[in-house]
Amino acid sequence: MSSDRDALLDQIKTKAVVHGKVVLSSGREADYYVDLRRITLDSEAAPLVGRVMLELTSDLEFDAVGGLTLGADPVAGAMLHAAAAQGRKLDAFVVRKAGKAHGLQRRIEGPDVKGRRVLAVEDTSTTGGSVLTAVEALREAGAEVVAVAVIVERGAAPTVENAGLEYRVAYHLEDLELN
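It should be emphasised that the depicted structure is a prediction, and the values quoted were computed from it without experimental measurement.

Overview of the sheet that holds strand β4 (residues 91-95)
Here is step 1 of the chain: Spatial ordering of the open sheet is given by β5-β4-β3-β6-β7-β8, a layout of six strands whose pairing is mixed. If you trace the sheet from one side to the other, it starts and ends with β5 (108-109) and β8 (167-172), each paired once.
Here is step 2 of the chain: Pairing geometry for strand β6 (residues 117-125) and strand β7 (residues 144-153), over eight bridges, is parallel. Directly across from Val121, in β7, lies its bridge partner Ala149.

Things to note about the environment of Val52
Here is step 1 of the chain: Here Val52 is to be found in helix α3 (residues 46-56).
Here is step 2 of the chain: When near neighbours in sequence (up to four residues on either side) are disregarded, Val52 contacts Asp4, Arg5, Leu8, Ala170 and Tyr171.

Observations regarding helix α1 (residues 3-16)
Here is step 1 of the chain: The first and last C-alpha atoms of α1 sit 19 Å apart over 14 residues, in line with the 20 Å expected at 1.5 Å per residue.
Here is step 2 of the chain: By the burial criterion, the buried members of α1 are Arg5, Leu8, Leu9, Gln11, Ile12 and Ala16. Along the axis of α1, the buried positions cluster into a sector of 160°, meaning they face one direction only. Every exposed residue of α1 that faces more than 90 degrees away from the buried side is listed here: Ser3 and Thr14.
Here is step 3 of the chain: On the buried face of α1, the contacting elements are β1 (17-23), β2 (29-34), α2 (37-40), α3, β7 and β8.

Considerations on the side chain of Thr57
Here is step 1 of the chain: Locating Thr57 in the fold gives a position in the loop between α3 and β3 (64-68).
Here is step 2 of the chain: Within the structure, the side chain of Thr57 is placed 2.8 Å from the backbone oxygen of Met53, a separation counted as a polar contact.
Here is step 3 of the chain: Not counting chain neighbours up to four residues away, the residues in contact with Thr57 comprise Phe62, Met79, Leu119, Ala149 and Arg168.

Focus on the packing of α3 against helix α4 (residues 73-85)
Here is step 1 of the chain: Between α3 and α4, whose axes approach to 7 Å, the crossing angle comes to 75°. Here α3 is positioned roughly perpendicular relative to α4, judged by the angle of their axes. Every residue of α4 that contacts α3 at Ala46, Val49, Gly50, Arg51, Met53 and Leu54 is listed here: Val75, Ala78, Met79, Ala82 and Ala83.
Here is step 2 of the chain: Residue composition of the contact of α3 with α4, by class: nine nonpolar, one polar and one charged.

Definitions and cut-offs
- Residues numbered from 1 in each chain as written.
- Predicted model: local features only at pLDDT ≥ 70, side-chain atom pairs only at ≥ 80, totals over all residues.
- Heavy atoms only, no water.
- Pairing = 2+ DSSP bridges.
- Helix = DSSP H or I, 4+ residues; strand = E, 2+ residues; numbered from the N terminus.
- Contact = heavy atoms within 4.5 Å.
- Expected span 1.5 Å × (residues − 1).
- Buried < 20%, exposed > 50% of the residue type's maximum accessible area, 1.4 Å probe, protein only.
- Arc of directions from axis to C-beta.
- Polar contact = N/O pair within 3.5 Å; in protein donor to acceptor, adjacent residues only side chain to side chain.
- Axes fitted to C-alpha atoms, helices over the stretch in contact; angles between N-to-C directions.
- Parallel < 35°, antiparallel > 145°, perpendicular 65-115°, else oblique.
- Nonpolar A, V, L, I, M, F, W, Y, C, P; charged D, E, K, R; others polar.

Printed below as a string of structure tokens:
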């Protein structure tokens, strides 16, 4: 495991894992919550997120990254900045939950994704619903989705893989000592 992966894992364990009863967006109840926004929006951890996610997907060819707002936004931003630091051009985009009723009425904000190879990302995924919503919007916009990548996998793997998508995971619950 790289030093960035080790450092990010430590950051997740110490800053993002919250113990106690919570109801997840899926409607399921859990004894803990992994609040990855405490990581993806943290000045120390966010650069690690970008580097770890780029390393995780280094064998894939894509030139834009993003997903359904809000979980994907800071992940995509971290990857964009990490890529720039490595001298690589990587655009980011935001997929709205619904199309905008004013302005340009775009569902996907940022550089146009039509005809481009894109990576759909999410901070964590339990059911796969959010990331699959993003994938559907990306395909409707003419993008080629090369894979889905998440920081923490909470159970979405079968759903994402059954949708015919390659699924990349930086950490499993076992890595966080939660399973």
